[in-house]
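The chain contents come next:
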Amino acid sequence: DDPIKGAEQEVRDWAKQKSTEIDQLKAQEKFRREFLSNISHEFKTPLFAIQGYIETLQDGMIADDPDMALIFLDKAAKNIDRLTYLINDLDEISKLESGKISLNIQKFDIVELINETIEHLIDKANRHNIKIVFNTKPNQAIQVKGDRLKIQQVLVNLIDNSLKYGKHGGKTTVSIFPLLDQILIEVTDNGYGIEEKNLPRVFERFFRTDKSRSRDIGGSGLGLSIVKHILEAHQQTVNVRSTEGIGTTFGFTLSKSKNI
Ligand code: ADP
């Protein structure tokens, strides 16, 4: 054993480890930069809109048209809503990502929770002229384990997306399939679908397809990322399949509660 060769090897190992660490730091830094630039972009759009509507009102250009003034105020208010949603989503995501949330695991009836969630979204569904169909047997109860509020958030985000990206006059179907120790819940729409190349990206935060951006459908691109985080915290999975022009299905699993 040559002591010099040994020392050389040690230095090489040390340098290699440092270089890996530097790469990791660089990746983190890039991630942080992109994150900040995404956030500022998402904030700027509604802020500029609000500024525009208010300036027009201040200029007095539509002072003699109160109906128009009301429309402008309404548009400003909608953009303020959008900012509020954005802040709430960011809050939720940062809590989920820092692992700071503790799940409040309980036993609950998922059929009841789905019915409750559909009830919440029925007005929006009517506005989009979309029928929500829940495939369940009458008086059925299925006990699962999980954080009821967080799972409701998952259902809201998925069903809400099916209304936003669904077809006017179309249908959203919620189905439950029993597996061995789990159940699979699927939310299917017959909307415009997601291009295959974008499918792996939809759970990334801030990712939105060009179609949803160009059609000016409100959203932050955070909803599915929140869904994924919540299910991962439950050690459950979520997946998506879609055919362009035909529709999209999101499916996620939950653990059955054994001691019922
Ligand atoms: P948001 O809806 O706020 O944009 P999400 O994270 O919920 O953000 O979704 C990310 C993107 O995935 C959406 O912008 C849209 O392009 C696409 N997407 C999500 N759900 C559907 C769906 N049911 N049909 C078609 N595209 C969808």
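These lines cover the structure that appears in this document, whether it is placed above or below. (Residues numbered from 1 in each chain as written. Predicted model: local features only at pLDDT ≥ 70, side-chain atom pairs only at ≥ 80, totals over all residues. Heavy atoms only, no water.)

### As for the pattern of salt bridges
Piece 1. This model, assessed by the stated rule, comprises 12 salt bridges.
Piece 2. The salt bridge partner of R32 is E29, with a shortest N-O separation of 3.7 Å. Placement of both R32 and E29 in helix α1 (residues 3-59) is noted, with a separation of 3 residues, approximately one turn of the helix.
Piece 3. With a relative accessible area of 47%, R32 lands in the partly exposed category.
Piece 4. Beyond isolated ion pairs, a larger network of salt bridges with shared partners links E112, E116 and R148. (Salt bridge = Lys/Arg side-chain N within 4 Å of Asp/Glu carboxyl O. Helix = DSSP H or I, 4+ residues; strand = E, 2+ residues; numbered from the N terminus. Buried < 20%, exposed > 50% of the residue type's maximum accessible area, 1.4 Å probe, protein only.)

### A word on helix α4 (residues 148-164)
Piece 1. Taking 1.5 Å of rise per residue, 17 residues should cover 24 Å, and α4 covers 24 Å from first to last C-alpha, within 8% of that figure.
Piece 2. Of all 17 residues that make up α4, 14 are buried, and the element is covered over most of its length. (Expected span 1.5 Å × (residues − 1).)

### A short note on the pairing of strand β5 (residues 182-189)
Piece 1. In terms of burial, β5 is a largely internal element, 6 of the 8 residues being buried.
Piece 2. Both strand β4 (residues 171-178) and β5 contribute to a ladder of 7 bridges, which runs antiparallel. Looking across to β5, one finds that I176 is bridged to I185.
Piece 3. Between β4 and the antiparallel strand that follows it, β5, lie 3 residues.
Piece 4. As paired elements, β5 and strand β7 (residues 247-256) share 8 bridges and run antiparallel to each other. Along β7, the bridge assignment pairs T188 with T249. (Pairing = 2+ DSSP bridges.)

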